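Descriptive analysis of the structure
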Amino acid sequence: MSQQVLVPIKGHDNIEEILPYLEDIARPDMKIVFLVHFGANRFAELAGQLLEIQSGMPANFSSDTGVPQANLTRRIERASRELSDRGVQIEVKFYSGRL
(Lines give C-alpha, C1' and ligand atoms only; values in the text may rest on other atoms or scores of the structure.)
Protein backbone atom coordinates (compact mmCIF):
# COMPACT_ATOMS: atom_id res chain seq x y z
CA MET A 1 0.00 0.00 0.00
CA SER A 2 1.45 3.35 -1.02
CA GLN A 3 1.45 6.31 1.32
CA GLN A 4 -0.55 9.48 0.70
CA VAL A 5 0.07 13.04 1.72
CA LEU A 6 -2.99 15.30 1.68
CA VAL A 7 -2.29 18.99 1.04
CA PRO A 8 -5.33 21.26 1.47
CA ILE A 9 -5.02 24.48 -0.56
CA LYS A 10 -7.07 27.64 -0.79
CA GLY A 11 -6.46 30.35 -3.37
CA HIS A 12 -4.37 32.51 -1.04
CA ASP A 13 -2.05 29.69 0.06
CA ASN A 14 1.51 29.85 -1.19
CA ILE A 15 2.37 26.42 -2.59
CA GLU A 16 5.99 27.44 -3.02
CA GLU A 17 6.33 27.73 0.77
CA ILE A 18 5.29 24.12 1.41
CA LEU A 19 7.03 22.60 -1.61
CA PRO A 20 10.41 22.16 0.17
CA TYR A 21 8.67 20.19 2.94
CA LEU A 22 6.88 18.00 0.41
CA GLU A 23 10.15 17.38 -1.39
CA ASP A 24 11.76 16.34 1.90
CA ILE A 25 9.12 13.71 2.71
CA ALA A 26 8.28 12.59 -0.84
CA ARG A 27 9.29 9.08 -1.85
CA PRO A 28 8.92 7.47 -5.29
CA ASP A 29 6.04 5.24 -4.18
CA MET A 30 4.05 8.08 -2.56
CA LYS A 31 1.00 9.92 -3.78
CA ILE A 32 0.55 13.60 -2.98
CA VAL A 33 -3.05 14.78 -3.20
CA PHE A 34 -3.63 18.52 -3.52
CA LEU A 35 -7.09 19.28 -2.09
CA VAL A 36 -8.13 22.54 -3.75
CA HIS A 37 -10.95 24.55 -2.19
CA PHE A 38 -13.87 25.03 -4.57
CA GLY A 39 -15.81 27.93 -3.07
CA ALA A 40 -19.17 29.37 -4.04
CA ASN A 41 -17.47 32.13 -6.04
CA ARG A 42 -15.58 29.48 -8.01
CA PHE A 43 -18.94 28.13 -9.15
CA ALA A 44 -19.89 31.63 -10.28
CA GLU A 45 -16.54 31.87 -12.08
CA LEU A 46 -17.16 28.63 -13.99
CA ALA A 47 -20.67 29.77 -14.90
CA GLY A 48 -19.16 33.02 -16.17
CA GLN A 49 -16.62 31.13 -18.24
CA LEU A 50 -19.39 29.08 -19.80
CA LEU A 51 -21.25 32.31 -20.60
CA GLU A 52 -18.10 33.75 -22.16
CA ILE A 53 -17.66 30.63 -24.31
CA GLN A 54 -21.26 30.82 -25.45
CA SER A 55 -21.42 34.59 -26.01
CA GLY A 56 -17.82 35.44 -26.89
CA MET A 57 -17.88 38.37 -24.45
CA PRO A 58 -14.82 38.67 -22.18
CA ALA A 59 -15.22 38.54 -18.41
CA ASN A 60 -13.03 39.03 -15.35
CA PHE A 61 -12.68 35.76 -13.41
CA SER A 62 -11.14 35.24 -10.01
CA SER A 63 -11.44 32.73 -7.19
CA ASP A 64 -13.19 33.43 -3.89
CA THR A 65 -9.99 34.85 -2.42
CA GLY A 66 -9.26 37.29 -5.23
CA VAL A 67 -6.40 35.19 -6.62
CA PRO A 68 -6.94 34.32 -10.29
CA GLN A 69 -7.71 30.62 -10.70
CA ALA A 70 -5.24 30.34 -13.57
CA ASN A 71 -2.47 31.48 -11.20
CA LEU A 72 -3.39 28.76 -8.68
CA THR A 73 -3.48 26.20 -11.50
CA ARG A 74 -0.01 27.22 -12.72
CA ARG A 75 1.41 26.98 -9.19
CA ILE A 76 0.00 23.48 -8.72
CA GLU A 77 1.30 22.41 -12.15
CA ARG A 78 4.79 23.71 -11.34
CA ALA A 79 4.83 21.90 -7.98
CA SER A 80 3.51 18.75 -9.67
CA ARG A 81 6.29 18.78 -12.24
CA GLU A 82 8.95 19.11 -9.56
CA LEU A 83 7.48 16.26 -7.51
CA SER A 84 6.77 14.04 -10.53
CA ASP A 85 10.44 14.27 -11.45
CA ARG A 86 11.08 12.42 -8.17
CA GLY A 87 8.67 9.61 -9.12
CA VAL A 88 5.86 10.85 -6.88
CA GLN A 89 2.28 10.46 -8.06
CA ILE A 90 0.29 13.69 -8.04
CA GLU A 91 -3.47 14.00 -7.81
CA VAL A 92 -5.62 17.13 -7.62
CA LYS A 93 -9.06 16.96 -6.03
CA PHE A 94 -11.55 19.72 -5.31
CA TYR A 95 -13.61 20.21 -2.17
CA SER A 96 -16.20 22.70 -1.01
CA GLY A 97 -17.14 23.75 2.49
CA ARG A 98 -14.82 22.91 5.34
CA LEU A 99 -12.48 19.99 5.81
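What you see is a predicted model, and the numbers here were worked out from it, not measured in a lab.

Calculation criteria
Residues numbered from 1 in each chain as written. Predicted model: local features only at pLDDT ≥ 70, side-chain atom pairs only at ≥ 80, totals over all residues. Heavy atoms only, no water. Helix = DSSP H or I, 4+ residues; strand = E, 2+ residues; numbered from the N terminus. Buried < 20%, exposed > 50% of the residue type's maximum accessible area, 1.4 Å probe, protein only. Contact = heavy atoms within 4.5 Å. Areas by Shrake-Rupley, 256 points an atom, 1.4 Å probe, with all protein chains shown as cover. Pairing = 2+ DSSP bridges. Axes fitted to C-alpha atoms, helices over the stretch in contact; angles between N-to-C directions. Core = buried A, V, L, I, M, F, W, Y, C linked by side-chain atoms within 4.5 Å.

1. Structural notes on the overall build of the protein
When you go through the protein residue by residue, the secondary structure sums to three helices and three strands. Helices (α) and strands (β) of the protein occur, in sequence order from the N terminus, as β-α-β-α-α-β. Scored against the burial criterion, the 99 residues of the protein give a buried share of 31%. For the protein, long-range pairs separated by at least 24 residues make up 78% of all intrachain contacts whose partners lie at least 6 apart in sequence. Looking at the protein as shown, the accessible area adds up to about 6600 Å², and 54% of this sits on carbon and sulfur atoms.

2. As for the sheet that holds strand E3 (residues 89-95)
Strand order in the open sheet formed by three strands is E1-E2-E3, with parallel pairing between adjacent strands. Single-partner strands in this sheet number two, and they are strand E1 (4-9) and E3. Here the average twist between neighbouring strands, direction ignored, is 20°. Inspection of the sheet shows strand E2 (residues 31-37) paired to E3 by seven bridges, in the parallel sense. Of the residues in E3, the one forming a bridge with Lys31 is Gln89. Of the strands in this sheet, E1 and E2 touch helix H1 (residues 15-25), which is tilted by about 175° from E1.

3. Looking at the nonpolar core
Within the largest apolar cluster, 16 residues are counted, with the highest numbers of intra-cluster contacts made by Val7, Ile9, Leu22, Ile32, Phe34, Ile76 and Leu83. Contributions of two or more residues to this core are made by E1, H1, E2 and helix H3 (69-84). Per-element accounting of this core gives the leading share, four residues, to H3.

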